[in-house]
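# Notes for the structure review
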Amino acid sequence: MASERQTIQDFYQVAQARDFTRNFQFRIASITDRGAELFTPEDLVYAQTGILPAREVNNVTVAYMGMTFNVPGAASYPGSAGYAITFRSDSEQVIRRIWENWQRLTFDDQTSTGTYRIFGTSKLTMNLLNQNMDVMRQYVLHGVWPQAVGEISYDMAGTGDVLTFQGTLAYQYWTRGI
């Protein structure tokens, strides 16, 4: 029987063959609302951070003759009620204005109107990149709508750092392509 012990050499060989994912190997490719592109590719260059979404299959317990069995239930999407993207703030506040306008279209408290409904054709598409920066996998969040526009904190005694803000979406579910 062969030894099941892993060695440093085994780790090194597998690491050479597969390498590791780096935290900058993603791009938000598009955000659309009812089929219309909200952000240009130039706007999306300012997207600084994003998170690959989670998915769970719920466990359902079934009791039978004194035993408990675990069976798969429905899928759920943890974090779908608040998916945050951090954007670098451009000097003319173009990206923040897009978020503000989109959020007002969803619900405008000044007129008590909006398109507060399930957004079936609104999507966020995110690309996962390989070491050559080619798309190797794509994730699509379906039914997105703008939940929150985050604050931007200014400081007159600051050092000139680039400011950021969070745009938070809610979505219904996600799919994986490629």
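Presented here is an overview of the structure given in this document. (Residues numbered from 1 in each chain as written. Predicted model: local features only at pLDDT ≥ 70, side-chain atom pairs only at ≥ 80, totals over all residues. Heavy atoms only, no water.)

### Points about the overall build of the chain
The number of helices and strands found in the chain is three helices and 11 strands. N-terminal to C-terminal, the α/β element order of the chain is α-β-β-α-β-β-β-β-α-β-β-β-β-β. Taking 2.2 N^0.38 as the reference for a compact globule, 178 residues should give roughly 16 Å; the C-alpha atoms of the chain span a radius of gyration of 21 Å, well beyond that estimate. If you line up the chain on its principal axes, its C-alpha atoms span 70 × 50 × 35 Å. Across the 178 residues that make up the chain, the buried fraction comes to 30%. The long-range fraction of contacts in the chain, counting pairs at least 24 apart against all pairs at least 6 apart in sequence, stands at 64%. On the chain, roughly 12,100 Å² of surface is accessible, and the fraction owed to carbon and sulfur atoms is 53%. Charge centroids of the chain, computed over 14 positive and 17 negative side chains, lie 8 Å from each other. (Helix = DSSP H or I, 4+ residues; strand = E, 2+ residues; numbered from the N terminus. Rg over C-alpha atoms; globule rule 2.2 N^0.38 Å. Buried < 20%, exposed > 50% of the residue type's maximum accessible area, 1.4 Å probe, protein only. Contact = heavy atoms within 4.5 Å. Areas by Shrake-Rupley, 256 points an atom, 1.4 Å probe, with all protein chains shown as cover. Lys, Arg positive; Asp, Glu negative; His and termini not counted. Charge placed at Lys NZ, Arg CZ, Asp CG, Glu CD.)

### Things to note about the nonpolar core
One finds Ile-28, Ile-31, Ile-85, Phe-87, Trp-99 and Leu-124 to be the most contacted residues of the largest nonpolar core, which totals 26 residues. Those elements that provide at least two residues to this core are strand 1 (26-33), strand 6 (83-88), helix 3 (94-106), strand 7 (123-129), strand 8 (135-142) and strand 10 (164-170). Not counting the four nearest positions on each side in its chain, Ile-31 is found in contact with Ala-36, Glu-37, Leu-38, Phe-39, Leu-44, Ile-85, Trp-102, Lys-123 and Leu-124. (Core = buried A, V, L, I, M, F, W, Y, C linked by side-chain atoms within 4.5 Å.)

### Regarding the sheet that holds strand 8
Within the open sheet, the five strands sit side by side as 2-1-7-8-11. Their pairing is antiparallel. Edge positions in the open sheet fall to strand 2 (36-37) and strand 11 (173-177), since each of these has one partner strand only. Here strand 7 runs beside strand 8; their pairing, made up of seven bridges, is antiparallel. Within the sheet, the bridge partner assigned to Leu-129 lies in strand 8 and is Val-135. (Pairing = 2+ DSSP bridges.)

### Quick word on the sheet that holds strand 9 (residues 145-149)
Two strands in a sheet stick together by hydrogen bonds in their backbones, pointing the same way (parallel) or opposite ways (antiparallel). Across the sheet, four strands lie side by side as 3-6-10-9; this open sheet has antiparallel pairing. The strands lining the two open edges of the sheet, one partner per strand, are strand 3 (47-49) and strand 9. For this sheet, the mean inter-axis angle between neighbouring strands, taken without regard to orientation, is 40°. Pairing of strand 6 with strand 10 involves six bridges; the strand directions are antiparallel. Of the residues in strand 10, the one forming a bridge with Ile-85 is Gly-167. Its contacts with the sheet put helix 3 on strand 6, strand 9 and strand 10, and the angle it makes with strand 9 is roughly 120°. (Axes fitted to C-alpha atoms, helices over the stretch in contact; angles between N-to-C directions.)

### Some remarks on unusual backbone geometry
In this structure, Gln-93 takes a positive phi of about 60° despite not being glycine. Tracing the backbone shows Gln-93 in the loop between strand 6 and helix 3. Phi at Ser-112 takes a positive value of approximately 55°, unusual for a residue other than glycine.

### Observations regarding the pattern of salt bridges
In the structure shown here, the tally under the stated rule is five salt bridges. Among the ionic pairs, Asp-19 bridges to Arg-22, the shortest N-O distance being 3.4 Å. Judged by its relative accessible area of 32%, Asp-19 is partly exposed. For Arg-22, a relative accessible area of 38% gives the class partly exposed. Residue Arg-34 is joined to Asp-33 by a salt bridge in which the shortest nitrogen-to-oxygen separation is 2.7 Å. A residue is classified by how much of its surface remains accessible, and Asp-33, at 5% relative accessible area, is buried. One salt-bridge network, held together by shared partners, links Arg-104, Asp-108 and Asp-109. (Salt bridge = Lys/Arg side-chain N within 4 Å of Asp/Glu carboxyl O.)

Functional significance is not addressed by these values, which are geometric in nature.
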